[in-house]
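A closer look at the structure
What follows is each chain in one-letter form.
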Amino acid sequence: MDHFKLKFLEEAADLVEDLEKILLSVENDGIKAESIEEIFRVMHTIKGSSSMFGFDVISEFTHHLETIYDLVRTGKIEISKEILDVTLESIDHIRSLLGDDKLSQDENKENHDRLMSKIKILTGNIDSSAAPKATLLEKKQRLSTYYVLFKPHKSLLSKGTNPLYLLNDLQDLGVTSKVLWHLEDVPAFPELNVKDCYAYWEIVLSCTQSETEVRDVFIC
Amino acid sequence: MKTILIADDSDSVRELVSFTLENAGYNVLIGVDGEDALKHLNGVEIDLVLTDLHMPKLDGIGLIKSIRSKPQYQYVPILFLTTESQAEKKEEAKAAGATGWIVKPFVPEKLLATVTKVIR
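Residues numbered from 1 in each chain as written. Chains lettered and ligands numbered in written order. Predicted model: local features only at pLDDT ≥ 70, side-chain atom pairs only at ≥ 80, totals over all residues. Heavy atoms only, no water.

**Brief notes about a negative patch on the surface**
All names here are of chain A. A cluster of acidic residues, Glu10, Asp14, Asp18, Glu34 and Glu38, forms a negative patch on the protein surface. Of all the secondary-structure elements, those providing two or more residues to the negative patch are α1 (3–29) and α2 (33–52). With three residues, the single largest contributor to the negative patch is α1. Among the secondary structure elements, Glu10 is positioned in helix α1. (Patch = residues over 30% accessible without salt bridge, like charges linked within 9 Å, V, L, I, M, F, W, Y side chains within 5 Å. Areas by Shrake-Rupley, 256 points an atom, 1.4 Å probe, with all protein chains shown as cover. Salt bridge = Lys/Arg side-chain N within 4 Å of Asp/Glu carboxyl O. Lys, Arg positive; Asp, Glu negative; His and termini not counted. Charge placed at Lys NZ, Arg CZ, Asp CG, Glu CD. Helix = DSSP H or I, 4+ residues; strand = E, 2+ residues; numbered from the N terminus.)

**Considering the interface of chain B and chain A**
With 29 residues of chain B in contact, the opposing surface of chain A contributes 27 residues. On inspection of chain B and its partner chain A, the count reaches two salt bridges. Ionic pairing is found between Arg41 of chain A and Asp9 of chain B, a salt bridge with its closest N-O pair at 3.0 Å. Broken down by secondary-structure element, the contributors of at least two residues to the side of chain B that touches chain A are α1 (11–23), β5 (100–103) and α5 (108–119) of chain B. Of the residues forming the side of chain B that touches chain A, the biggest block, six residues, is contributed by α1 of chain B. Partitioning the side of chain B that touches chain A into residue classes produces twelve nonpolar, eight polar and nine charged. (Contact = heavy atoms within 4.5 Å. Nonpolar A, V, L, I, M, F, W, Y, C, P; charged D, E, K, R; others polar.)

**As for the confidence of the model for chain A**
Residue and element names in this part refer to chain A. Scored by pLDDT, chain A has a mean of 85; 90% of the residues are at 70 or more. Model confidence for chain A, summarised as mean pLDDT per element, is weakest for helix α6 (residues 136–141) at 52 and strongest for helix α4 (residues 81–99) at 93. Low pLDDT, under 50, characterises residues 126–137; the predicted model gives this stretch five contacts beyond four residues in sequence or across chains. (pLDDT = per-residue confidence, 0-100.)

**Observations regarding the sheet that holds strand β2 (residues 175–182) of chain A**
All names here are of chain A. Ordered in space as β1-β3-β2, the three strands form an open sheet in which the pairing is antiparallel. Edge positions in the sheet fall to β1 (144–150) and β2, since each has one partner strand and no second. Between one strand axis and the next, the sheet turns by 10° as a mean value, whatever way the strands run. On top of the sheet, helix α7 (residues 163–173) reaches β1, β2 and β3 (200–207); it is set at about 20° to β3, its chief contact. (Pairing = 2+ DSSP bridges. Axes fitted to C-alpha atoms, helices over the stretch in contact; angles between N-to-C directions.)

**Regarding the pattern of salt bridges**
Residue and element names in this part refer to chain A. In total, this model carries 18 salt bridges over all chains according to the counting rule given. Across the pair Asp92 and Arg95 runs a salt bridge, and its minimum N-O distance is 3.6 Å. Taken together, the positions of Asp92 and Arg95, both in helix α4 and three residues apart, correspond to about one turn of that helix. What makes Asp92 partly exposed here is its relative accessible area of 45%. Assessed through its relative accessible area of 35%, Arg95 is described here as partly exposed. One network of salt bridges, with partners in common, ties together Glu20, Asp92 and Arg95. (Buried < 20%, exposed > 50% of the residue type's maximum accessible area, 1.4 Å probe, protein only.)

**A closer look at α5 of chain B**
Here α5 of chain B spans 16 Å end to end across twelve residues, near enough to the 16 Å set by a 1.5 Å rise per residue. Along α5 of chain B, the residues classified as buried are Leu111, Thr114, Val115, Lys117, Val118 and Ile119 of chain B. (Expected span 1.5 Å × (residues − 1).)

**Description of unusual backbone geometry**
The peptide bond linking Lys104 of chain B to Pro105 of chain B adopts the cis configuration, its omega dihedral lying at 0°. With respect to the helices, strands and loops of the structure, Pro105 of chain B is situated in the loop between β5 and α5. At Leu103 of chain A, a position not held by glycine, the phi torsion is positive, near 55°. With respect to the helices and strands, Leu103 of chain A occurs in the loop between α4 and α5 (106–123). A residue is classified by how much of its surface remains accessible, and Leu103 of chain A, at 15% relative accessible area, is buried. Positive phi, normally seen in glycine, also occurs at Lys57 of chain B, with a value near 65°. Counting through the fold element by element, Lys57 of chain B comes out in the loop between β3 (48–52) and α3 (60–68).

Next comes the structure, spelled out in structure tokens:
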């Protein structure tokens, strides 16, 4: 196992311990808004780090668990004994997953399915994974045409970004069948601020990438 | 050598990101949360900030706002690392002054490609 995965496992074990301490303090001292925020943050960290290092089951599980606390902290549902009980059970389960992320042990698999069902009931979530999804191959082969209006903020240049690089990156994604550039917003010389970007572009792009991948060019 | 400030409360993510960036030739400064990251903004020249959103003491949005309030760092590109898919969270970070984001999980190549794009 590589160094980073081991580092994650150490960190996750500590975070799970932190989570347990917070929950015990909630049981002893009652629920405070800070405790909910802290539980959410710890789960969020476990979710993010586990996804980074390929612990997909842990990432998905904590994502669902985190959703409960997101709903609580945004006032959409109230914290309840049932939620706290599921969370405590989940802590033990996450500990097991740290040693068995592929759910190869029957006991962990059964526990996982049982807890996931409870969590989904609590979040009112219908299992969206049952819906048919396009396979990665199908998605890759599908050609889409996008109309892109690239109208950068005036401060783009002063933030160190060259819009022409972004247009090049866009072109690399597929075929840009039409590019219209607009300079009508460029003011007369006395009003011109050379640090401002006044130009904007309209592009018609055909490519196999998803909308998210197209947006990634602009990091937006 | 370009300098990148990383703020993330996850030891493992911080270590992976700094390892990737240092190997690519960047000088890396580290903050274990938003408050800790702010300590590096003491006049030193910073070319990019990479920040997590959910951190103790001072979160990513607070850090972005603090950076933007300092004249020297007003125009430093800021990317946030996030697992958030909600548009409103991204909008909140953008409104605070972020340049863009990188969605977790990401592979080191994606991280470097985005960093290069922002500070080239």
